[in-house]
Amino acid sequence: MTNCQYDGKLFELKQIGSSNSMLQRGGIRSYQIVNDGTDDQFILYGYSRSVTRTIITWIFIILTVGFLRLIFYWKPHWFLQCCCVRADLAVCQYVLLKDRYKQWYVETVLKISTNPNPNDSNSFRNSIPINPSRHDSFSEQQQQADDSTGEPFLTNSSSTLPNQKEWRRSRDIHRYFINKRWRYVWEETEYKFVKLLGVEHNVKCEYFRQIRPLTIEQRAQKKIIFGENSISLRLTPILKLLIKEVLSPFYIFQLFSCISWFADEYVAYASCIVFITIISVIVTLYEVRKNERALRDTVHQSQVTTVLIYNPETNEEEQRDIISEDLVPGDVIIIRSSTIMQCDAALLNGNVIVNESMLTGESIPVTKVQIPYYQSSSDHPALNQTFDIHDHNRFILFSGTNVIQTRYYGAGDVRAVVLRTAFSTAKGELVRSILYPKPVDFKFNTDTYKYVGGMALIALGGMIYSLILRIMRHERAATVFKRTIDVITIAVPPALPAALSAGLVYAQNRLKKDNIFCISPRSINICGSINTVVFDKTGTLTEDGLDLQCVLPIVRSYDTINDIQQIKFGSETTEVTDLNWRDDEAHSMIIVCMAACHTLTRINGELAGDPLDLKMLAFTQYELYEPAANEQANFDMLFPTIVRPINIPNQRITSSLGHLSGSVSSLIAGNIPFEIGIVRQLPFSSSLQRTSVIVRILAKDSFDLLTKGSPEKIAELSRPETIPRNFNEILSSYAKQGYRVLALAYKPLELSYVKIQRIEREKIEHDLIFLGLVVMENRLKPQTEGILKVLSNANIRTIMCTGDNMLTALSVARDCDMIPDDAKIIVIEATESNRMPIFSYAQVYNRRVKEVRYDLNSHRLIELDRRSPYHFAISGKSFQIVRDDHPELLHRLCVRGTVFARMLPEQKQQLIETLQELG
């Protein structure tokens, strides 16, 4: 939570009052903070209907000829506060929500029986059981309630609490409300409303060890709790859309203006405005309905899914085909190829290749691996860790992704356990973000409101002046009224909403012709006020594909004079035949690592995967061979995927060759078919900055771990004696030229096959043997420089936010003129050991920075030279430290920063949010 958000929360608490000062015996808890510290955070207030207040409110509505009801339509929370009184959350009829963006929502608290009629399917579907009460006495519950969350108890003499008999009877009633497609249920044991989450919430990894299918009774109970697994969007009735459109303040003012013009015989002008308004409303309704239909047809999907059901009587599992709407969290399902996931599920066994382009926009197939805790031993060190769906996303099949292929290395089906359903899934979150976008208070909107408000004040002054002047002239009352009203109808343009609507529709059609789609049409009007554009590097500023420039293997030599072994980089190698793979173990392992350390696969006979992996495989002159592409085949062999030299004939792995020992180079040089079986894949993780595989080379009696990733990370995990002394200099020289550099390493493993499949990657990805560097050329797109120049001429600032190396990013920024040649680059560095930021010039060391100085006492950045052009650059690790410890510097960094390197996905999001806060 940022400081401004925290201050806003404290301000809200001060507005309501101190919980300590308001805590009294017999008081009631009338509000709570929900989803604390998240984007969905809001304050919830409880209200109950007051007959007296309701009658008084409706009397005033009648006296104002419905105008007060119109005000309440625009401000529904005012209506609630006028008709209701604050009430305890345990008995309230309505809840008033205020989110972090100062938006108000009024929701009705629904009640359903927890003892439904078993013969009534509708009752069974909509009922939700609750946990048993902590206390039988309601008054005791209130006196002993925990106030650790800062939730106040407010005394309200007008609110009567239910007596003990009524309280016990209410225990059979379940209470909940729905806001933004999330269901919030009343949790009696915690005495508050809580968001209804799936089985992934607050669960230990131990949950996945001995997981088994649900019984019919358990599934029925969970179906009651979670409802249908469906992201269904109902079309809003046309009448409701029409009312919502025409009852906006602008249209009401327009109606008022047209009536006054007709009364004053401005028939032609008023008729034109009415005609334009009607056309505008019709076109707007048509576009809204068309977008609703398109979104509904896009997100709503249904298919038949095979679910496993446990029969306690026979102690056996049964397979049943059900529609995906009936899936519930905790279900164990069978994953089939060529299907679309309808839920978020954790993969229990096998490998699954999916296309996540619907969620991420990346069309490259992604390999999901089995979760390591399933059927693991009870002494597995990670079982006590809390399961986190973001940290364990490499095991998760997300809803909306397309299952391309499934693999299981033995008899049986590929299984997964359902974690989340409906709108709580990744796809559901995406749909919710479309339905309920975050409000962005751009300066354009603020200036629009200021303009209308200013014109209204001028019109008010003109009305008062006109009124006084005409009264002094003793004009007729009807004339005075008409001419006075004319002033405000002229000062505030009544045709403004029609013009805005027509402009939006026209702009949408123009964008659609260029295949540009907008989920929030009202944002189109403020596109002209954009002052900053943030770019990714790879695939955005540079080409999608990479060209393999060269390979730098390490070379070992023996210094007879000093009696030591020297490690250094060899010469640049552009052809695999130039590697001394017959005599040098490091050269042969480079070939093995480049050929096997990937997640490539064959889809319909075509090789698919990351373009970088494809280039490296082609360089080695190896091919990927999959003995059985059909998922129904039961693999009797150890390796489901094999890589081998292209010139090796098609030979199946047999056990008759036995197990031979010896170096890899000697195996290659011999007559044994040199094939590499990929035993286990450890997919790439942006937080780990590496990908690994465990392989077994045919006829070798042990396994090997192959790893590739960012050079800094691989060097950190490798043995120091295997890294050349000039590692940093060589890496910097290539990075400064804009090349993308990867490092390779390996490690022999003396582990059994069972241990290999279950061990955590952190336990084996250390003490690696460094092999060398792979240098890839990533060219700028032809249109990059031109686009950036257009943005610069329009005074729009450009920023690069990438996961690549800092020096590579700086080189690309220079090449595309994002940073001019005469501008200085100041790198901000902070480490865990020294969290105080240090400023230095990029590529120039031991030179004092003259443009800025950081004051250690006030934690503020002081500019010493405002005339000298400079740009900040920072890495992801330093960015996180600055964000946590130096919020003032973070804002200055975002204002003057141009290159953000080695940024994690969540850090990229934090950067965007900070820029939006700064405006």
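This one's a predicted model, so the numbers in the text were calculated from it and none came from an experiment.

Scoring rules and cut-offs
Residues numbered from 1 in each chain as written. Predicted model: local features only at pLDDT ≥ 70, side-chain atom pairs only at ≥ 80, totals over all residues. Heavy atoms only, no water. pLDDT = per-residue confidence, 0-100. Contact = heavy atoms within 4.5 Å. Helix = DSSP H or I, 4+ residues; strand = E, 2+ residues; numbered from the N terminus. Core = buried A, V, L, I, M, F, W, Y, C linked by side-chain atoms within 4.5 Å. Buried < 20%, exposed > 50% of the residue type's maximum accessible area, 1.4 Å probe, protein only. Pairing = 2+ DSSP bridges. UniProt positions renumbered as here; feature names shortened; annotations may be inferred. Axes fitted to C-alpha atoms, helices over the stretch in contact; angles between N-to-C directions. Parallel < 35°, antiparallel > 145°, perpendicular 65-115°, else oblique. Left-handed = near helix turned anticlockwise from the far one by under 90°. Nonpolar A, V, L, I, M, F, W, Y, C, P; charged D, E, K, R; others polar.

**Observations concerning the confidence of the model for the protein chain**
When pLDDT is low, close inspection of the predicted coordinates is not appropriate.
Move 1: In this model, the protein chain carries an average pLDDT of 76, and 78% of its residues clear a pLDDT of 70 or more.
Move 2: Per-residue pLDDT stays below 50 along residues 629-638; that stretch engages in 20 contacts with residues further than four places along the chain or on separate chains.
Move 3: The model gives residues 666-673 a pLDDT under 50, and that stretch makes 15 contacts with residues more than four places away or in other chains.

**Points about the side chain of T798**
Move 1: Note on placement: T798 falls in strand β34 (residues 797-801).
Move 2: When sequence neighbours within four positions are dropped, the list of residues in contact with T798 reads V533, F535, L788, L791, M818 and T898.

**Thoughts on the nonpolar core**
Nonpolar side chains in soluble globular proteins tend to end up buried together.
Move 1: Formed by 66 residues in total, the largest nonpolar core has its most connected members in I676, L706, F770 and L773.
Move 2: Of the residues forming this core, the biggest block, nine residues, is contributed by helix α19 (residues 585-596).
Move 3: For L773, the contacting residues outside a window of four places in its chain are C550, V551, L552, F569, P711, F727, I730, V741, L742 and A743.
Move 4: Formed by 23 residues, the second largest nonpolar core is a distinct cluster that contains A735, I819, A842 and A873.

**Some remarks on the sheet that holds strand β14 (residues 332-334)**
Move 1: Taken in spatial order, the six strands of this open sheet run β13-β12-β14-β21-β16-β19, and their pairing is antiparallel. The two strands at the open ends of the sheet, each matched to only one other strand, are β13 (316-323) and β19 (396-397).
Move 2: Of the pairings in the sheet, the one linking β14 to strand β21 (residues 415-420) comprises three bridges and is antiparallel in character. Counted as the bridge partner of V332 is V417 from β21.

**A short note on the environment of C816**
Move 1: Among the structural elements, C816 can be located in the loop between α27 (806-815) and β35 (824-829).
Move 2: Measuring from C-alpha to C-alpha, the distance between C816 and T784 comes to 6.8 Å, with 32 residues separating the pair along the chain.
Move 3: Apart from residues no more than four positions distant in its own chain, C816 is found in contact with L780, T784, E785 and L788.

**Section: the UniProt feature "transmembrane region" (unreviewed entry) in the protein chain**
Move 1: The UniProt record marks residues 55-72, 241-262, 268-286 and 451-472 with the feature "transmembrane region" (unreviewed entry), using the residue numbering of this structure.
Move 2: Across residues 241-262, the secondary structure splits into 91% helix and 0% strand, with the terminal C-alpha atoms separated by 27 Å.
Move 3: Overall, residues 268-286 shows 100% helix and 0% strand. The separation of its end C-alpha atoms is 27 Å.

**Concerning the pairing of strand β39 (residues 870-875)**
Move 1: Where burial is concerned, most of β39 is hidden: five out of the six residues are buried.
Move 2: Where β39 lies against strand β40 (residues 897-901), four bridges are found, and the strand directions are parallel. Bridge pairing links F872 to G897 in β40.

**Topic: the sheet that holds strand β20 (residues 402-407)**
Move 1: Taken in spatial order, the four strands make up an open sheet running β15-β20-β17-β18, and their pairing is antiparallel. Only two strands of the sheet have a single neighbouring strand rather than two, namely β15 (339-340) and β18 (366-369).
Move 2: One ladder, built from four bridges, connects strand β17 (residues 351-355) with β18; its direction is antiparallel. Across the sheet, residue V354 finds its bridge partner in β18, namely V366.

**Comments concerning the packing of α19 against helix α20 (residues 611-620)**
Move 1: Two elements in contact, α19 and α20, have axes separated by 7 Å at closest approach and are oriented at 140°. With respect to α20, the axis of α19 lies oblique. Helix-helix and strand crossings are classified by hand; for α19 and α20 the assignment is left-handed. Contact residues: α19 offers I591, M594 and A595, while α20 offers M616, L617, F619 and T620.

**Quick look at unusual backbone geometry**
Move 1: Of note in this structure, R181 is not a glycine but carries a positive phi near 70°.
Move 2: Relative to the elements of secondary structure, R181 occurs in the loop between β9 (173-179) and β10 (182-187).
Move 3: Residue R181 is classed as partly exposed on the basis of its relative accessible area of 32%.
Move 4: Unlike most non-glycine residues, N315 shows phi in positive territory, near 55°.
Move 5: Tracing the backbone shows N315 in the loop between β12 (304-311) and β13.

**What about the packing of helix α10 (residues 238-246) against helix α12 (residues 267-299)?**
Move 1: It is the contact of α10 with α12, at a shortest axis distance of 10 Å, that shows an interaxial angle of 130°. In terms of orientation, α10 lies oblique with respect to α12. The interaxial crossing formed by α10 with α12 has right-handed handedness. Between α10 and α12, the residues in contact are I238, L241, L242, E245 and V246 and V281, T284, L285, V288, R289 and E292, respectively.
Move 2: When its residues are assigned to classes, the contact of α10 with α12 shows seven nonpolar, one polar and three charged.

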